[in-house]
Amino acid sequence: MISITFDDINWKRSSAGTRQAEALFMEGFNCCQSVFAAFAPRFGITREAALKLSCSLGGGIGRMREVCGAVSGMALLVSLCNGNTDPDDSDAKEENYRTVRMLSDVFREKQGTIICRELLGIEKAETQARPQDRTAAYYSSRPCPHLVRDAAVIVEHYLDYYPEYCEKQK
């Protein structure tokens, strides 16, 4: 069983995966898409497939402002590593859940929460499904670029330093 804590993470890390996640977000993709698509090619998943698979989880799941999409992106990547495929394998399911919780705990320690609306400082879910236009003002007023970066740094630490728990990487 592995253990990753806040102090294990090199928060100044600037790797290709982290830069890719940041670039995807600045291109206009949502937080989940940005984290997931930056690392999905390691598993043989195309950019287009990664963007489609993760689209609905942006904005705290469909812009409902629940779990941060960047955290959801990490969870999807963990599932590619050690998600179970046998409904009777509760050990595999437990290992997957433990890993998701561990990475989420590191994010929570850095940001204070994993809940989108709390990260954004809003009190309730959005009533509109339509995302806001991505403008310079949007990017400068939101913590999202930093949240995407932090999630990318955390999940990349896991993928790079614990490959034995993620044998499906190419």
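Structure shown above.
The paragraphs below set out a description of the structure included in this document. This structure is a prediction, so every number in the text was calculated from the model and none was measured.

## Thoughts on the overall build of the chain
Along the backbone of the chain there are 8 helices and 0 strands. Counted from the first residue to the last, the chain has its helices and strands arranged as α-α-α-α-α-α-α-α. Expected size for 170 residues packed as a compact globule is a radius of gyration near 15 Å; at 15 Å, the chain falls within 12% of this value. Principal-axis analysis of the C-alpha atoms places the extent of the chain at approximately 45 × 35 × 30 Å.

## Quick word on a negative patch on the surface
A cluster of like negative charges, contributed by Asp86, Asp88, Asp89 and Asp91, occupies part of the molecular surface. Positionally, Asp86 belongs in the loop between α4 (69-82) and α5 (90-111). Judged by relative accessible area, Asp86 falls into the partly exposed class, the value being 37%.

## Focus: the packing of α5 against helix α8 (residues 144-161)
Packing of α5 against α8 brings their axes to within 10 Å, and their N-to-C directions diverge by 140°. What the angle tells us is that α5 and α8 run oblique. For α5 against α8, the interelement crossing comes out right-handed. Across from Thr99, Leu103, Val106, Phe107, Lys110 and Gln111 in α5, the residues of α8 making contact are Leu147, Asp150, Ala151, Ile154, Val155 and Tyr158. Split by residue class, the contact of α5 with α8 holds 8 nonpolar, 2 polar and 2 charged.

## Remarks on the nonpolar core
Ranked by internal contacts, the top residues of the largest apolar core, which has 48 residues, are Ile4, Met74, Leu103, Phe107 and Tyr158. Taken together, the elements giving at least two residues each to this core come down to α1 (16-27), α2 (31-39), α3 (47-55), α4, α5, α6 (116-120), α7 (136-141) and α8. Of the residues forming this core, the biggest block, 10 residues, is contributed by α8. Setting aside residues no more than four positions away along its own chain, Phe107 makes contact with Cys68, Val71, Met74, Gly112, Thr113, Ile114, Leu119, Leu147, Asp150, Ala151 and Ile154.

## A few points about the side chain of Ser54
The topology assignment puts Ser54 in helix α3. A residue is classified by how much of its surface remains accessible, and Ser54, at 0% relative accessible area, is buried. Engagement of the side chain of Ser54 in a polar contact is seen with the backbone oxygen of Ala50, the distance being 2.7 Å.

What counts as what
Residues numbered from 1 in each chain as written. Predicted model: local features only at pLDDT ≥ 70, side-chain atom pairs only at ≥ 80, totals over all residues. Heavy atoms only, no water. Helix = DSSP H or I, 4+ residues; strand = E, 2+ residues; numbered from the N terminus. Rg over C-alpha atoms; globule rule 2.2 N^0.38 Å. Patch = residues over 30% accessible without salt bridge, like charges linked within 9 Å, V, L, I, M, F, W, Y side chains within 5 Å. Areas by Shrake-Rupley, 256 points an atom, 1.4 Å probe, with all protein chains shown as cover. Salt bridge = Lys/Arg side-chain N within 4 Å of Asp/Glu carboxyl O. Lys, Arg positive; Asp, Glu negative; His and termini not counted. Charge placed at Lys NZ, Arg CZ, Asp CG, Glu CD. Buried < 20%, exposed > 50% of the residue type's maximum accessible area, 1.4 Å probe, protein only. Axes fitted to C-alpha atoms, helices over the stretch in contact; angles between N-to-C directions. Parallel < 35°, antiparallel > 145°, perpendicular 65-115°, else oblique. Left-handed = near helix turned anticlockwise from the far one by under 90°. Contact = heavy atoms within 4.5 Å. Nonpolar A, V, L, I, M, F, W, Y, C, P; charged D, E, K, R; others polar. Core = buried A, V, L, I, M, F, W, Y, C linked by side-chain atoms within 4.5 Å. Polar contact = N/O pair within 3.5 Å; in protein donor to acceptor, adjacent residues only side chain to side chain.

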